[in-house]
Amino acid sequence: MSGFDLMAILAKPEFLRMLIHGVQTTILVFIGSWLLAMSLGALLLAVRMLPSRIAEAGVAAYISYHRNVPTLVQLMFWYFGIASLLPPEVQIWLADHNSEAVFAIIALGLCQAAYFSEDLRSGLRAVPKGQWEAARALGHSFFGAMRWVLMPQAVRNASPAIMNHTVSLFKNSSLAMAIGVAELTHVIKEIESRTFRAFEAYLLGTLIYLACTLLLMAFGAWLERRNRRLRPAA
Amino acid sequence: MRETQGEMIGFRGVNKFYGALPALVDVTESVGRGEVVVVCGPSGSGKSTLIRTVNRLEEIHSGAILFDGHDVHAKMSSAQLNHLRGRIGFVFQSFNLFPHLSALENVMLSPMRVSGMARAAARERALALLDRVGLSARRDAFPGQLSGGQQQRVAIARALAMEPPAMLFDEPTSALDPEMVTEVLTVMRGLANDGMTMMCVTHEMGFARDVADRVWFMDEGRIVETAPPEDFFGRPQHPRAQRFLSELRTR
Amino acid sequence: MSMLGTIVDIVRDNWLLLLVGQYPNGPLGGIAATLILSVLGIACAFPLGVLMALASLSPWRALRLPVFALIYLARGIPLLLIILWVYFLLPLLIGHNVPGFVTMLVTLAIYEAAFISEIVRGGIQALPKGQMDAARALGHGHLGAMRWVILPQALFNSIPSILSQFVSTIKETTLGYIINVPELTFAAGQINNRLLTKPFEVYAILAIAYFIVCWTLTWLAGVLERRIAAGRTHQADAAAPPSFLTPRPGEA
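I will try to describe carefully the structure that is included in this document. None of the values given here were measured: they were computed from a predicted structure.

Another aspect to go through is the interface of chain A and chain B. Across the boundary between the two partners, chain A contributes 21 residues, which contact 23 residues of chain B. At the junction of chain A and chain B, the tally comes to one salt bridge. One salt bridge in this structure joins E133(A) and R52(B), with 2.6 Å as the shortest N-O distance. Joining chain A to chain B, the criterion identifies six residue pairs in polar contact (both at pLDDT 80 or more).

What follows concerns the interface of chain A and chain C. Every contact between the two is made by 35 residues of chain A and, on the other side, 31 residues of chain C. Together chain A and chain C conceal approximately 3100 Å² of surface at their shared face, both sides included; 79% is due to carbon and sulfur atoms. Considering only the surface of chain A that becomes buried against chain C, N68(A), K171(A) and Y202(A) emerge as the three largest contributors, covering 19% of it. On inspection of chain A and its partner chain C, the count reaches zero salt bridges. Applying the counting criterion to the chain A and chain C interface returns seven residue pairs in polar contact (both at pLDDT 80 or more). Broken down by secondary-structure element, the contributors of at least two residues to the side of chain A that touches chain C are α3 (53-68), α4 (71-82), α8 (142-172), α9 (184-195) and α10 (198-228) of chain A. Class assignment for the residues of the side of chain A that touches chain C results in 23 nonpolar, nine polar and three charged.

A word on unusual backbone geometry. In terms of backbone geometry, most residues other than glycine have negative phi values and most peptide bonds are trans. Positive phi, normally seen in glycine, also occurs at N96(B), with a value near 55°. In this fold, N96(B) is placed in the loop between β6 (88-91) and α3 (103-113).

Taken together, the side chains of F4(A), F199(A), L89(C), L92(C), L93(C) and I94(C) make up a nonpolar region of the molecular surface, amounting to roughly 630 Å² of accessible area. Considering each element in turn, the nonpolar patch owes the most residues, four residues, to helix α4 (residues 79-94) of chain C. Relative to the assigned elements, L92(C) resides in helix α4.

Another point: the packing of aromatic side chains. One pass over the structure, following the stated rule, counts 19 aromatic pairs over all chains. On the basis of an interplanar angle of 20° and a centroid distance of 5.4 Å, the ring pair of F80(A) and Y203(C) is categorised as stacked. Of the two residues, F80(A) is situated in helix α4 and Y203(C) in helix α9 (residues 199-237); the pairing between them involves two chains. For Y203(C), a relative accessible area of 2% puts it in the buried group. With a centroid separation of 5.3 Å and 75° between ring planes, the pair formed by F232(B) and F233(B) is classed as edge-to-face. Under the relative-accessibility criterion, F232(B) is labelled buried at 0%. With relative accessibility at 8%, the residue F233(B) sits in the buried group. An aromatic cluster is defined as three or more aromatic residues linked by ring pairs; in this entry it consists of Y79(A), F80(A), F103(A) and Y203(C). The side chain of R147(A) reaches across the aromatic face of W148(A), ending 4.0 Å from its centre. The aromatic ring of F98(B) is capped on one face by R158(B), whose charged end is 4.4 Å from the ring centroid.

Strand pairing in a sheet relies on backbone hydrogen bonds. The paired strands run either parallel or antiparallel. Residue and element names in this part refer to chain B. Strand order in the open sheet formed by six strands is β6-β7-β8-β3-β9-β10, with mixed pairing between adjacent strands. Every interior strand has two partners, whereas the edge strands, β6 and β10 (222-227), have only one. Averaged over all pairs of adjacent strands, the angle between strand axes in this sheet comes to 20°, irrespective of strand direction. One ladder, built from five bridges, connects strand β9 (residues 214-219) with β10; its direction is antiparallel. Of the residues in β10, the one forming a bridge with W216 is T226.

What counts and how
Residues numbered from 1 in each chain as written. Chains lettered and ligands numbered in written order. Predicted model: local features only at pLDDT ≥ 70, side-chain atom pairs only at ≥ 80, totals over all residues. Heavy atoms only, no water. Contact = heavy atoms within 4.5 Å. Salt bridge = Lys/Arg side-chain N within 4 Å of Asp/Glu carboxyl O. Polar contact = N/O pair within 3.5 Å; in protein donor to acceptor, adjacent residues only side chain to side chain. Buried area = accessible area lost by both parts, 1.4 Å probe. Helix = DSSP H or I, 4+ residues; strand = E, 2+ residues; numbered from the N terminus. Nonpolar A, V, L, I, M, F, W, Y, C, P; charged D, E, K, R; others polar. Patch = residues over 30% accessible without salt bridge, like charges linked within 9 Å, V, L, I, M, F, W, Y side chains within 5 Å. Areas by Shrake-Rupley, 256 points an atom, 1.4 Å probe, with all protein chains shown as cover. Phe/Tyr/Trp six-rings, centres within 6.5 Å; stacked < 30°, edge-to-face > 60°. Buried < 20%, exposed > 50% of the residue type's maximum accessible area, 1.4 Å probe, protein only. Lys NZ or Arg CZ within 6 Å of the ring centre and 35° of its normal. Pairing = 2+ DSSP bridges. Axes fitted to C-alpha atoms, helices over the stretch in contact; angles between N-to-C directions.

Below, the structure is given as structure tokens:
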């Protein structure tokens, strides 16, 4: 095999286009599932606070399922299993409209929602009880106290954990390749099988992923620094 | 002695239990408008519990508590209770400032979000109150950047921002280092001189002597003695009050 | 519900495949392969992880930096990409073809080692500083202190986290599916390809199987964590100054 030659890949516009599409798809799946996960996670937390044992048990079961079943299996369950239950017209329509990415976003989003919900819950538990009393003593309603006093603090408390899980979610987007989504890892494998230059292809993929996770972690560190000045002095 | 017209806070046969343990026993007393009452007693006597029942941070099992004529513990909608609470100023021992907001924002928040005040008006009121407690210069500081004494003064301003007819203080200086106690007591003295109705749970006997109209002494959930400060400190009647004061002196 | 009946039927007809794959008519697969892969993976990762933890705490940059680089790499790129790398590099390094099982094993060993090294490092740093001081004062060298005083305690305290990492490993074995490693997910795929009309039931069985395994282990980790936390408070009570002279329950 000829020596190391990155340009064999980068110089070809076709491969460049594939790479760019791959990155775009990865980012699309990432952002879609993150938004779904965050909103659902917050909703789960809200449901959990209802004074109902069924609500608490339901949310606990949801979280337990999504944390104990491997993410790949969840993806496959959605794409192969649940999709087969849909009426045939819907299945055909979905197949024509990039259904793989949609199922990937749904599966990844639902899975991460469990983790985000737990992160927010820990963040909320870390807020001192006096904050709640002070808010109520000033006349805030339950929702007012949550909205203006407790949740802002809960989110700040939870942001390191949320950041970690966000990076995990970004990496998990690669699992979508198992159901045929043309995200970055899939593209890398494609390029490798076409050029036989595994080292260069994998190196490119590695560099791109590292750059993205580095960006995410740097953003997280910046958020941490900004939050630190709001913590009470020791 | 201030002129008091009518009752601001009234306790009518209040009882409270923690399981089988009595926390408040047959408390019947009254705080008049413009009156300053200091509540003292040994720890566990129920003083904090008593003051926390006034704005219903604690529930009671029998009796009634009236604030400005309203029965605080009556069955009411949460909106009504929230409105009532906004009118009862409460200052905590541990300040409980909101750490994610600056001092100014802490004071502005509740007039805006609870009373529906416009931002500009709320800001104006907050600036005036911070000036009154001597902290205009630190208005953009966050609680984490303020000393304990400064935080407590902001907490007082925050409570005042709701324009309450009465203020409740739950051991406001107990969590402060000694050198910061004075600055908070000075603000409280100022409030009293301006005619605010105040109920304070405190160990600061100097403050009680100078500012209080009456001192209530509590022991084991009961108010066992009430008297103007010179009578209470000079000639305590109840044996437990006598013991409490003598222990204070020997410290 | 007929779905439940179908699930029972599928399990009844295919339980052997799900349990051990095509053994003895083929390589070991199914749940057995999943568990063996996970156990071996963690077993190999563990000593590697401990070494990496020690290296990351050493005063020499030459030891610290490569470890941090490796950890950053393992945590910065998807596991799938790491599998691709190993799948490509391992045969080159060894000289001949490597079965998927071994590729997956090596991948897991490296990947889990990175996480275990962070867990152990955290465990070591969480111990009171006085432990190391006391050990050095008694004349132990740095490695001796680690071997006899620090690591036994740190590892004991880390058991719940390591068990949790083991559960993660089990979930990560599913990625072997991509390179045709015969584990449980692969077995389910085979069943689905044969039945074709019952994907929902097949994948439901797959999800339930993993759920049972992982939930049980997570529960076990919780029980152990409470036991260890209870033991730790007793240790803290007995932390009078000369106590390092007498061996304590967690020490070698």
